[in-house]
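Read off the chains here:
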Amino acid sequence: PGVRAGAVECVVLHVHRCQFVVQAGQTLNQIAAMYRTDWLQLWSLNQQLDSPDMSLQANSVLQVGRVYDVQPHDTPSAVAGRFGVEEELFLLLNADFGAHAWASPSCTSPAACRFLAANLTGVYQWCLLPSSCSGSSGSIYHGQPLAGLPGAAPPVSQSTA
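Since the structure is predicted, the reported quantities are computational estimates derived from the model, not experimental observations. (Residues numbered from 1 in each chain as written. Predicted model: local features only at pLDDT ≥ 70, side-chain atom pairs only at ≥ 80, totals over all residues. Heavy atoms only, no water.)

J.: Looking at this structure, I do not really get the overall build of the protein chain. What am I missing?
T.: For the protein chain, the helix and strand inventory stands at five helices and four strands. For the protein chain, the sequential pattern of α-helices and β-strands runs β-α-α-β-β-α-α-α-β. Here the protein chain holds 161 residues, and the buried ones make up 27% of them. In the protein chain, 69% of the contacts between residues at least 6 apart in sequence involve partners at least 24 apart. (Helix = DSSP H or I, 4+ residues; strand = E, 2+ residues; numbered from the N terminus. Buried < 20%, exposed > 50% of the residue type's maximum accessible area, 1.4 Å probe, protein only. Contact = heavy atoms within 4.5 Å.)

Below you can see the structure in the form of structure tokens.
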């Protein structure tokens, strides 16, 4: 009585990118191991932690990566490669992302990216845990002298004796 057989209910979950809820007794080292990183990287992402040795409170929220806003023509494989993130870790950090779209661009124009970001929560943001050891060294400033960068100090002249 009151319950219809075969009724379907939908539940919408909003999951915050790059966040981890600490369970009782977990340490920074244990959480880092889950994400194939080290405690130092997690500590640097969480400025609220005064010391890397402090006890973590159950149900506290830790950042486990950086949120990246998808740009036109970005593919997960290209962005992951640029930041040194392996495919398996990318998929762990972005569990709602299908592996079938690994090489496909998510949007193809700034307007399309903005529209999709506004209408599909989280889909056009990815969580990344960059690796400074295996990321791409490419930059728009690659190969330019530091003096050529905006805000850089002028070069120091060296005298010849």
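Next comes the rest of the account.
J.: So what exactly am I meant to see when it comes to the confidence of the model for the protein chain here?
T.: Close reading of the predicted structure is inappropriate where its pLDDT is low. This prediction gives the protein chain a mean pLDDT of 78; 71% of its residues lie at or above 70. When mean pLDDT is compared element by element in the protein chain, strand S2 (residues 61-63) scores highest at 97, while helix H5 (residues 110-119) scores lowest at 74. Low pLDDT, under 50, characterises residues 139-150; the predicted model gives this stretch seven contacts beyond four residues in sequence or across chains. (pLDDT = per-residue confidence, 0-100.)

J.: Which parts of the structure should I look at to understand the side chain of Arg17?
T.: Among the structural elements, Arg17 can be located in the segment before strand S1 (19-21). Under the relative-accessibility criterion, Arg17 is labelled buried at 14%. One polar contact links the side chain of Arg17 to the main-chain carbonyl oxygen of Gln125, over a distance of 2.9 Å. (Polar contact = N/O pair within 3.5 Å; in protein donor to acceptor, adjacent residues only side chain to side chain.)

J.: How should the state of the cysteines be read in this particular structure?
T.: In protein structure, a disulfide is the covalent linkage between the sulfur atoms of two cysteines. Evaluation of the coordinates by the stated rule reveals one disulfide. Each disulfide pairs two cysteine sulfurs, and for Cys18 the partner residue is Cys127, the sulfurs being separated by 2.1 Å. Note on the Cys18 and Cys127 pair: the S-S dihedral is about 130 degrees, so by sign convention the disulfide is right-handed. A residue pair is termed long-range when its members are at least 10 positions apart, and Cys18 in the segment before S1 and Cys127 in strand S4 (residues 125-128) qualify at 109 residues. Both residues of the pair, Cys18 and Cys127, belong to the buried class. (Disulfide = S-S within 2.5 Å.)

J.: Where do I start with the packing of aromatic side chains in this structure?
T.: One pair of aromatic rings is described through two measures. These are the centre distance and the angle between the planes. Inspection of every chain in the model, using the stated rule, returns five aromatic pairs. A centroid spacing of 6.1 Å and a plane angle of 85 degrees characterise the contact between Phe20 and Tyr35, whose relative ring orientation is edge-to-face. Residue Phe20 is found in strand S1, and its partner Tyr35 is found in the loop between helix H1 (28-34) and helix H2 (39-45); the two are separated by 15 residues along the sequence. The two residues Phe20 and Tyr35 agree in class, both being buried. Centre to centre, the rings of Trp39 and Trp43 are 6.3 Å apart; their planes meet at 50 degrees, and the pair counts as tilted. Of this pair, Trp39 and Trp43 both sit in helix H2, four residues apart, which is roughly one turn of the helix. Classification of Trp39 as partly exposed rests on a relative accessible area of 35%. An aromatic cluster is present here, built from Tyr68, Phe83, Phe90 and Trp126 joined pairwise through their rings. (Phe/Tyr/Trp six-rings, centres within 6.5 Å; stacked < 30°, edge-to-face > 60°.)

J.: Help me understand helix H3 (residues 76-83), please; the structure alone is not making it clear to me.
T.: Side chains that are three or four residues apart share a direction in an α-helix, a result of its 3.6 residues per turn. Among all positions in H3, only Pro76, Val79 and Ala80 are buried. Across the axial projection of H3, the buried residues extend over an arc of 100 degrees, all falling on one side. Check the buried side of H3 and you find it contacts strand S3 (66-69), helix H4 (87-93) and S4. Within two residues after H3, Gly84 carries a phi angle of roughly 70 degrees, on the positive side. (Arc of directions from axis to C-beta.)

J.: Would you mind showing me how to read the nonpolar core here?
T.: Side chains of nonpolar character tend, in soluble globular proteins, to be buried together. By size, the foremost hydrophobic cluster in this structure holds 31 residues, and its most contacted members are Ile31, Tyr35 and Phe90. Among the elements of the structure, H1, H2, H3, H4, H5 and S4 are those that each provide at least two residues to this core. When sequence neighbours within four positions are dropped, the list of residues in contact with Phe90 reads Pro76, Ala80, Val85, Phe97, Trp102, Trp126, Cys127 and Leu128. (Core = buried A, V, L, I, M, F, W, Y, C linked by side-chain atoms within 4.5 Å.)

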